Amino acid sequence: MTLTRTLIAASLLLATPALAQGDTPHIATKAGRHALIVDGAPFLILGGQVNNSSNYAAPLAKVWPVLDRIGANTVEAPIAWEQLEPQEGKFDFSFVQTLLDEARKHDKRIVLLWFGAWKNTGLSYTPDWVKLDNRRFPRMKTKDGQDHGVLSPHGAATLAADKRAYLALMTYIRDHDAQNTVILVQPENEVGSYKNPRDYSPAAQKLFDGPVPATLTKALQKPGGTWTTVFGDTADRAFNTWHTARYIEALASAGKAIKPLPMYVNAALGDPFGKPDPQALSSGGPQGDVIDIWKAAAPSIDFAAPDIYDRASRNVFKHLDLYTRPDNALMVPEIGNAAEYARYFWAALGRGAIGFAPFGMDDTGYYNYPLGAKRLDDATLDAFAQKYRALASAPWAKIAFDHPVWGAAKPDDGAPVSTTMGDWTITASFGQWQFGQRNWFPKADLPAWATEPTGGAVVAQVSANEFLFTGDHVRLNFAASQGSAPGGMIVKVEEGHFDKDVWIMDRIWNGDQTDYGLNLIDQPVWIKVTMGRYR
Ligand code: DGJ
């Protein structure tokens, strides 16, 4: 077989300026696109988050086989305050060290999840000496003066103690992780409060009756006033969002002073359409409609991120859109681990996502269905593994940082999805055999995947007329866009692979392989399409 080295593509792919090796991981942004830089180069998190109680040495052994099976390069793992500081001032870093050692042995990077004052809003991960001392570490008050099961963001002692523990963790990472096995940190987990939009204690009420900080009104370009005059009926939630974000800013800014790792916050999501209900939502969390408040309150937080447990494609696409911003790198730190969620990997990458991680990826025997999978059977694992292996074989993070990208996942109604990139329109359609058009064979049975929530692709426009893509259970058609000059056509379709950053053509697709669109079913290989125009 003749291998053709495509130098044009190579030079395009190498357009990112080289960064010094050994740089602390960080988020880089250019032309509205983002990259997580690890070891001086863009890095795509092909992640898996472990179950909540897998943050001990014993269950960790049941994590690696699952992550290896799906081809993950990163583990997302909690460090609980109760485990780090079981007695006040006495720290136990043994699990942190075990995690570092084992991740390195299994060739994985780490996203550290700090389960401190808030974990899914609740205080269950705090040490007993915090849980049991409501005077020192006050819970929020409800409107009628009762304790709510969530710590108040206004508790000065809570912040001081939580921050001290978090900084002890960051110090340990600084001193024991010179090679940057830890690439990202999440201070707290799904913060906010359910069914009690804010703290109604007298001290919090006093703050609420005062002026909205000028930093916030200025950032939102709103006139000054009280929380009620500025935010109307969303005032309670805006107030709790600001104060929760300020609390986390205190952890993040001090943590970064120790080791400037990128830090992010994750959101328990509500309905992305319509008016959010502050009673039902985790009020205070970084949901899509309050990202601007978070940006103003917590400038040390690199990005806010959606935890996706909503199966409806319309909602998923909207959530992804809300977190895709020039000032916010998209990452999906949690998504249900049922097979149908795997197709959203393509939708996330197509919006420039820097990472993706299904939740509950270990073999400890716990399954969070109906949010995720009933079982991690082979079909479920393969749905993630196939995609991760394809992406691991390409310098995707670098390509996506340097070039426009687009992705499609099969919507619930199975309808085709298309976009226009420059002079070319790309259409992704689903549920077809590889050969021919459906209407030519009205009596032929449909493929199994026609009725399954599976299928998608991701495309990069590497030059005006060149595209790279991969995907599964999808047909892609490339055509001249409406109104563009006549004579537009596909000139060449190559299947290939990457040798580091260099595209290597393995064969040219033609005939049946191109006559009916470019079909990728259960083998997500890499394809390069060159478009052109005859005269
Ligand atoms: C979202 C949380 O962030 C996770 O820790 C976990 O509780 C899942 N929900 C559900 O299992």
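Residues numbered from 1 in each chain as written. Predicted model: local features only at pLDDT ≥ 70, side-chain atom pairs only at ≥ 80, totals over all residues. Heavy atoms only, no water.

**Student:** Can you walk me through the pattern of salt bridges in this structure?
**Tutor:** Tallied over the full model, the rule gives 29 salt bridges. Across the salt bridge formed by Lys131 and Asp128, the nearest N and O atoms sit 3.9 Å from each other. Taken together, the residues Lys131 and Asp128, both in helix α6 (residues 128–131) and 3 residues apart, mark about one turn of the helix. Residue Lys131 is classed as partly exposed on the basis of its relative accessible area of 21%. Under the relative-accessibility criterion, Asp128 is labelled partly exposed at 48%. Residue Arg325 pairs with Asp292 through a salt bridge whose shortest N-O separation is 2.7 Å. With Arg325 in the loop between α13 (313–322) and β13 (332–335) and Asp292 in helix α12 (residues 291–297), this pair connects stretches of sequence that are 33 residues apart. Each of Glu85, Glu88, Arg136 and Arg164 takes part in salt bridges that share partners, so that together they form one network. (Salt bridge = Lys/Arg side-chain N within 4 Å of Asp/Glu carboxyl O. Helix = DSSP H or I, 4+ residues; strand = E, 2+ residues; numbered from the N terminus. Buried < 20%, exposed > 50% of the residue type's maximum accessible area, 1.4 Å probe, protein only.)

**Student:** What am I meant to see in unusual backbone geometry here?
**Tutor:** Both trends apply: most residues other than glycine have a negative phi, and most peptide bonds are in trans. A cis amide bond links Tyr369 with the next residue in sequence, Pro370, at an omega value of 10 degrees. In this structure, Pro370 sits in the loop between β14 (355–358) and α16 (378–392). For Ala31, which is not glycine, the phi dihedral falls at a positive 45 degrees. Structurally, Ala31 is set in the loop between β2 (26–30) and β3 (33–38). In this structure, Asp107 is a non-glycine residue whose phi angle is positive, near 55 degrees.

**Student:** Even after reading the chapter, I still don't get the domain arrangement of the chain, so can you show me in this structure?
**Tutor:** Interfaces are frequently sized by the accessible area removed from exposure as the parts join. The domains assigned to the chain are domain 1 (20–402) and domain 2 (417–533). Taking only C-alpha atoms, the centre of domain 1 and the centre of domain 2 are 36 Å apart. Buried surface at the junction of domain 1 and domain 2, both sides included, amounts to about 1,400 Å², of which 68% is carbon and sulfur. A per-residue breakdown of the area domain 1 buries against domain 2 is headed by Trp346, Gln386 and Trp396, which together make up 41% of the total. (Domains from an automatic or database assignment. Buried area = accessible area lost by both parts, 1.4 Å probe.)

**Student:** When you look at the site of the ligand in this model, what are you seeing that I'm missing?
**Tutor:** All residues in the neighbourhood of the ligand are listed as Asn52, Lys119, Asn120, Asn189, Glu190, Asp307, Tyr309, Glu334, Phe359, Asn368 and Leu371. Contacts to the ligand include Asn52, whose side-chain N or O atom sits 2.9 Å from an oxygen atom. At a separation of 2.8 Å, an oxygen atom of the ligand approaches a polar side-chain atom of Asn189. Coverage of the ligand by the protein amounts to 88% of the 290 Å² it exposes when considered alone. Across the shell around the ligand, the residue classes break down as 3 nonpolar, 4 polar and 4 charged. (Near = heavy atom within 4 Å. Polar contact = N/O pair within 3.5 Å; in protein donor to acceptor, adjacent residues only side chain to side chain. Areas by Shrake-Rupley, 256 points an atom, 1.4 Å probe, with all protein chains shown as cover. Nonpolar A, V, L, I, M, F, W, Y, C, P; charged D, E, K, R; others polar.)

**Student:** Before we go on, may I ask you to explain the packing of aromatic side chains in this structure?
**Tutor:** Centre-to-centre distance and the angle between the planes together describe a pair of aromatic rings. The final tally for this structure, using the stated rule, is 28 aromatic pairs. Here the aromatic cluster, defined as three or more aromatic residues joined through ring pairs, consists of Trp81, Trp114, Trp129, Phe137 and Tyr166. A cation over an aromatic ring shows up here: Arg198 above the ring of Phe239, its NZ or CZ 5.6 Å from the ring centre. A cation over an aromatic ring shows up here: Lys374 above the ring of Tyr369, its NZ or CZ 4.7 Å from the ring centre. (Phe/Tyr/Trp six-rings, centres within 6.5 Å; stacked < 30°, edge-to-face > 60°. Lys NZ or Arg CZ within 6 Å of the ring centre and 35° of its normal.)

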